[in-house]
Structures are given as structure tokens and as C-alpha cells.
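# Architecture at a glance
So you can see what is in the structure, the chains are spelled out below.
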Amino acid sequence: MNDLTPIKTTPKDWETDQEVRWCPGCGDYAVLKAVQRTMPELGVKPENTVFVSGIGCSSRFPYYMETYGFHTIHGRAPAVATGVKLANPDLDVWIITGDGDALSIGGNHTMHLLRRNLNCQVLLFNNEIYGLTKGQYSPTSRVGTRSPSTPFGSVDRPASPCAFALGAGARFVARGIDVHKNLTNVLKAAHAHQGAAFLEIYQNCIVYNDDVFAPFTAKPNAAMGQLWLDHGKPMLFGSEKAGGVKGIALDRDALALKVVDVVGNDWEGAGVLVHDQTNRSVAHMLVELGEGFPVGLGVIYDDPRPTFESAVVAQNRAVSEGKTPDLQKLVSKGQTWQVEKEPRAE
């Protein structure tokens, strides 16, 4: 076998012999299976893949992937992943994190990874709660969330992971749902992006925050609650059973998005927008859709630019061109001192 021989893998090739240990019914199981199903379709090699995680329920992920992996410390997965990628830019790096890990203690690291545009995939499992530490409210918990740390209800306004990512300069922002069939397609799109690909995954915590996403994930609510975005396609949602097809249009007077009815499939006549994943302004509006709107899902924004590690590699190559490595010369550069032992007084 040589480098020209294509290597095909199956989902089994990406599974370890470790017992998968999450609470029965946890959405993490679905995400793990989606990733393991997706990897063979990407045509990548396990030995060239690294999963890096921080702290939290989701951060057990590297144990269950038959690849290289690091289970790092709270919030520092982006820092470790950056070191991995700079040391070997050819590695395929995935970051697994949660809403608390990435947006609380790790917020600073996440922000700088995104603005630097390291070529990696960031999967943020958002269950709007701290699950591993027994149900305290997290940066994404909704106002009124009752938890051990907010027994009378949280008064914090929650952070929006995708709005945070866009504000930090991310060039790829997407959303998915743990048990949705479209998650694999969003994972493929994230991997295809050259740069920091940020994917928020709505993940149900069956123990401490069960069904918090049911208003748009439950089967009876899905048609009217989910807006799956597809580049070049109109922003339509709903179904005939749900009371007719609806769409998203631009209110030009308010410079805001609005929901419109679509009659007779005439979405153009209703003013429905066509999704342009390179439009950053509309992306900002899509991630902030509130009450009365569906939840924007799929690839919301995708507009690549040169990656951080490619710039570092190019810079190092430029500054070293025509030079001969000389460690002793480097050590001796600048001021030097020679320490001599003074003779002992008799």
C-alpha cells in the first residue's frame, strides 16, 4: 500500500473500545454517532485526526474516538488545539466543548481562536446548563432558569453562542440539533471550511434541563420552529399541515427580519430572502431571531479567509530564507557573560 492507494474507513474504525458513559438518553450519544458516521465520508485518516476537549460532559468525547486526543483543563481546549495545529499544520483538529466550558472560563480562549482563524472545527454542545457539576445555570441559561445556583430563577440575560462567534470574527458559523438527521451535513460543511468553523449543537440534558429546546425540536413543533438554511435557497419554513408555508423577509423600514405568509408557492412575490451564507449582516440577524420566529439552523455564515497557521508558516519560511541554522550563534547573540569561580581565600 502506498500514498496513492485510497484508504476507506467505516464508522466502526472511529469507535474505541471504551465504554461510552453519559446519562441514559443524553444528547451526547447522538452527536457522537453523527461524528463517527461522518468521518468516513470526509475521507480523512484516524491517525491524522486529533480531538481536543476541555471540561464537562461533552469533554469525554476524545475517549470515544479512535484518533489522537487531549482531554485538557477547563476552558483551555482552544489553547491546546492551537499548539497542536502550529506544531503540525497537517493534522485535522476538532475541538469539543460545552456552553460553560467555552463561554465562561474559556470565553477568552474561544474568542481569540476564532479571530485568529485557526483551521479547526469547534463543536459547542449547548444544553444551557452545567451538567457535569450537577445542574448549575450556565452562560446560555435562560432568564428564570431554576437551578442549585439560582433557586429563585436566573436573572442573567443569556449569551448567544453564534452571536458571540460572529462578534469574535468567526468566518464560519452554523447550528445543528443533536438528534436531527441534518447534523451530518452541517458537520461536513464545517470540515470543508478552511479556517475556524464554529458549530453550535443544541444538546438535550435529560437530567437537569430536559426538553428545554422542545418548543422547536419536538416533532409537533419542528415545522414551524425550525428554519433550515441552504445557500442559494429561499428562507422557507412551515408546512401545509402547520398552516401554510412561511418565509423570512426583510423589513426595509425597520432594517430587521420579519415572517411573511407564502401563498401559492409564490415566495418571490412574498419577498422571501434567498440565503446568502457570505452575507455577514444578515447572519447577525439570523442568529438573533427571537420570539415569533423559527430558530435558524444549518450553515448561517461561511466566508473563508487565510488561516492563522498558514500565515505563521509563511512568516517563518520568509524570515529563515537564506539563513543557516546556528544554535550557538543564536545563544551567543547580544550581551554575554562568562562566570569564573573565584579562588577560595586561604
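Residues numbered from 1 in each chain as written. Predicted model: local features only at pLDDT ≥ 70, side-chain atom pairs only at ≥ 80, totals over all residues. Heavy atoms only, no water.

This paragraph deals with the pairing of strand β4 (residues 120-126). Of all seven residues that make up β4, seven are buried, and the element is covered over most of its length. Of the two faces of β4, the one carrying Cys120, Val122, Leu124 and Asn126 and the one carrying Gln121, Leu123 and Phe125 are both buried. In terms of strand pairing, strand β3 (residues 92-98) meets β4 through five bridges, oriented parallel. By the bridge assignment, Gly98 is partnered in β4 with Phe125. (Buried < 20%, exposed > 50% of the residue type's maximum accessible area, 1.4 Å probe, protein only. Helix = DSSP H or I, 4+ residues; strand = E, 2+ residues; numbered from the N terminus. Pairing = 2+ DSSP bridges.)

Time to look at the packing of helix α2 (residues 77-87) against helix α10 (residues 308-320). Across the interface, α2 lies against α10 with an axial gap of 10 Å and an inter-helix angle of 45 degrees. Regarding the angle of α2 to α10, the classification is oblique. Remark: the crossing between α2 and α10 carries right-handed chirality. Two secondary-structure elements touch here, α2 through Thr82, Lys85 and Leu86 and α10 through Phe308, Glu309 and Val312. Residue composition of the contact of α2 with α10, grouped by class: three nonpolar, one polar and two charged. (Axes fitted to C-alpha atoms, helices over the stretch in contact; angles between N-to-C directions. Parallel < 35°, antiparallel > 145°, perpendicular 65-115°, else oblique. Left-handed = near helix turned anticlockwise from the far one by under 90°. Contact = heavy atoms within 4.5 Å. Nonpolar A, V, L, I, M, F, W, Y, C, P; charged D, E, K, R; others polar.)

For soluble globular proteins, the rule of thumb is that nonpolar side chains tend to be buried together. Membership of the largest hydrophobic core comes to 42 residues, with the highest contact counts inside it found for Leu113, Leu114, Leu227, Met235 and Leu286. With near-sequence residues (within four places) excluded, Leu114 lies in contact with Phe164, Ala165, Ala168, Gly169, Ala170, Ala196 and Phe198. Trp22, Phe61, Ala174 and Ile201 belong to the second-largest nonpolar core, a separate cluster that totals 28 residues. (Core = buried A, V, L, I, M, F, W, Y, C linked by side-chain atoms within 4.5 Å.)

The next point concerns the packing of aromatic side chains. Each aromatic ring pair is specified by the distance between its two centres and by the angle formed by the two planes. Enumeration over the complete set of coordinates arrives at eight aromatic pairs. Aromatic pair Phe51 and Trp94: ring centres 5.6 Å apart, planes at 15 degrees, arrangement stacked. Pair noted here: Phe51 is in strand β1 (residues 49-53) and Trp94 is in strand β3, with a separation of 43 residues, a long-range link. For Phe51, a relative accessible area of 0% translates into the label buried. For Trp94, a relative accessible area of 1% gives the class buried. (Phe/Tyr/Trp six-rings, centres within 6.5 Å; stacked < 30°, edge-to-face > 60°.)

Before going further, it helps to spend a moment on the layout of surface pockets. Which parts of space are left empty comes out when a probe the size of a water molecule is rolled across the atoms. By volume, the largest pocket is sized at about 730 Å³. Taken together, 27 residues make up the lining of the largest pocket; nearest its centre are Glu128, Arg142, Tyr202, Leu289 and Gly290. Listing elements by their share of the lining of the largest pocket, those giving two or more residues are β6 (196-202), α7 (214-217), α9 (280-287) and β11 (295-302). Residue composition of the lining of the largest pocket, by class: 14 nonpolar, six polar and seven charged. What lines the second largest pocket is Ser320, Lys323, Thr324, Pro325, Asp326, Lys329, Leu330 and Lys333. Class assignment for the residues of the lining of the second largest pocket results in two nonpolar, two polar and four charged. (1 Å grid on protein atoms, 1.4 Å probe; cavity = no way out; pocket = protein on both sides within 12 Å on 5 of 7 lines; lining within 4 Å. Points joined across faces, edges and corners; volume = space filled by probe spheres on them.)

This part takes up the sheet that holds β1. A sheet is described by the order of its strands in space; here eight strands give the open sequence β2-β1-β3-β4-β6-β5-β11-β7, paired in mixed fashion. Where the open sheet ends on each side, the last strands, each with one partner, are β2 (68-71) and β7 (226-229). Taking each pair of neighbouring strands and ignoring which way they run, the sheet shows an average axis angle of 20 degrees. Of the strand pairs in this sheet, β1 and β3 are connected by five bridges, and their pairing is parallel. When the sheet's bridge partners are listed, Ser53 is paired in β3 with Ile96. Seen against the sheet, helix α4 (residues 107-116) touches β3, β4 and β6 and runs at an angle of roughly 135 degrees to β6. Relative to the sheet, helix α6 (residues 183-192) contacts β3, β4, β5 (172-177), β6, β7 and β11, its axis offset from that of β5 by approximately 160 degrees.

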